[in-house]
Amino acid sequence: MKEKKTRNLIRALRGERLKSPPIWLMRQAGRYLPEYRAVRAKAGGFLDLCYTPDFATEVTLQPIRRYGFDAAIIFSDILVIPHGLGQAVWFEEGEGPKLEALSGPGDLAKLSRASVEDKLAPVYAAIRATRAALPEETALIGFCGAPFTLASYMIEGGSSRDFFKIKQWAYGHPDSFRRLIDLLVEACIDHLDRQAEAGCEVVQIFDSWAGVLPEEQLFRWSVQPMHAIAKGLKARRPDLPIIVFPRGVGPAALMYRRLQEFDALSIDTAIGAHWAAEQLQPHIAVQGNLDPAMLVTGGEAMAHETKRILGKLASGRHIFNLGHGIVPQTPPDNVARLVEIVREWSTR
Ligand code: CP3
């Protein structure tokens, strides 16, 4: 039997030291790529793109063909869970996501886990097709939004500036808010489990809006629910690595570092690489954290900043990534240069 080589991303997550860290980028498939815009135009709506396996597979593979990243992330969106639970979700051109907002505890009865699996079947079909088409050395990442971030879209009805509605609900009516969060924890465990079943060998949980919560609320509504997801998932799949991304939490990142069910902590640009190397890396692998704006700038400035980050983090457990997703203004050639710089790095 042919022996299967362990993929670099998995080796790094297990704590192996590699010559240079594995690299993939959040939102590596997206509007900065002309070939993505072409498929997007053919698909029509954004959700049609997510739910048509041929299209989702194609756009997942595009950045791998161009750049040979160490990992692909399945093309989908965090909002497929609210959609699967029965909430209306749509995308307005230039405005981002819109949802039919939950207005209070009475609306919780409208949500049901009963048909999530059927509704999200195209996502699992895309994962199977993508895994079959990916190069042997490329890992495939599945993902979901963390309960607090999902709840923010579900309650605010879309992106929010002040998170006023969700905070009024969470702070004023924590018991019914807990019911919503618990429902989302269960839905996330199921969705990640089914993504792993279909062929994802690593998963990432995005808590994009964790940073708006003060410390004690952060523990209740971000750390705890993400940990509950990780525990539930590891009970089913002990070997599945889990990356968590609590964006914007600053030094409260310390709350996530010792939980043994978390394998890596993705950090945004507000966290210093030096601090992360000292405070986080001894406990957990660190993923990050080039500023997406530097990837737009390119040239010497990008090279310098990339090497600074590598100098601080690459000799420990490190996965190279951005501090947040690639923005549409990014010149594709800068991405190619970034991959070269990271691959030329040597910790030996
Ligand atoms: O390449 C990848 O990273 C995989 C695909 C992916 C998308 N969304 C595709 C997408 C992933 C992992 C996400 C996660 C996601 N979606 C998050 C968490 C990460 C983060 O950015 O904080 C959030 C908050 C969402 C919700 C969402 N979806 C928003 C706010 C938007 C609008 C933003 C925008 O750039 O217009 C989306 C749409 C979306 N999801 C796009 C992509 C490529 C842009 C859609 C387009 O083509 O017009």
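S.K.: Quick question: what am I supposed to make of the pairing of strand β4 (residues 139–145) here?
M.R.: Two faces belong to every sheet, and in a regular strand the side chains alternate between them. Burial within β4 is extensive, with seven of its seven residues counted as buried. Along β4, one buried face is formed by Ala-139, Ile-141, Phe-143 and Gly-145 and the opposite face, lined by Leu-140, Gly-142 and Cys-144, is buried too. In terms of strand pairing, strand β1 (residues 71–73) meets β4 through three bridges, oriented parallel. Of the residues in β4, the one forming a bridge with Ala-71 is Ala-139. Direction of pairing for β4 relative to strand β5 (residues 202–207): parallel, over a ladder of five bridges. Within β5, the residue paired with Gly-142 across the bridge is Val-203.

S.K.: What am I meant to see in helix α8 (residues 147–156) here?
M.R.: Turn by turn, an α-helix covers 3.6 residues, leaving residues three or four places apart pointing in a common direction. Taken across its 10 residues, α8 has 10 buried, putting it largely inside the fold. Positive phi shows up at Gly-157, right after α8, with a value of about 80 degrees.

S.K.: Mind showing me how you'd approach the site of the ligand here?
M.R.: Arg-27, Arg-31, Tyr-36, Asp-77 and Ser-208 are the nearest of the 21 residues found near the ligand. Between Asp-77 and the ligand, the recorded distance is 2.7 Å, taken from a side-chain N or O atom to a nitrogen atom. Contact with the protein chains removes 88% of the 870 Å² of surface that the ligand exposes when unbound. Placement of the ligand is best described as lying within the largest pocket.

Calculation rules
- Residues numbered from 1 in each chain as written.
- Predicted model: local features only at pLDDT ≥ 70, side-chain atom pairs only at ≥ 80, totals over all residues.
- Heavy atoms only, no water.
- Buried < 20%, exposed > 50% of the residue type's maximum accessible area, 1.4 Å probe, protein only.
- Helix = DSSP H or I, 4+ residues; strand = E, 2+ residues; numbered from the N terminus.
- Pairing = 2+ DSSP bridges.
- Near = heavy atom within 4 Å.
- Polar contact = N/O pair within 3.5 Å; in protein donor to acceptor, adjacent residues only side chain to side chain.
- Areas by Shrake-Rupley, 256 points an atom, 1.4 Å probe, with all protein chains shown as cover.
- 1 Å grid on protein atoms, 1.4 Å probe; cavity = no way out; pocket = protein on both sides within 12 Å on 5 of 7 lines; lining within 4 Å.
- Sits in = over half its atoms within 2 Å of the grid points.

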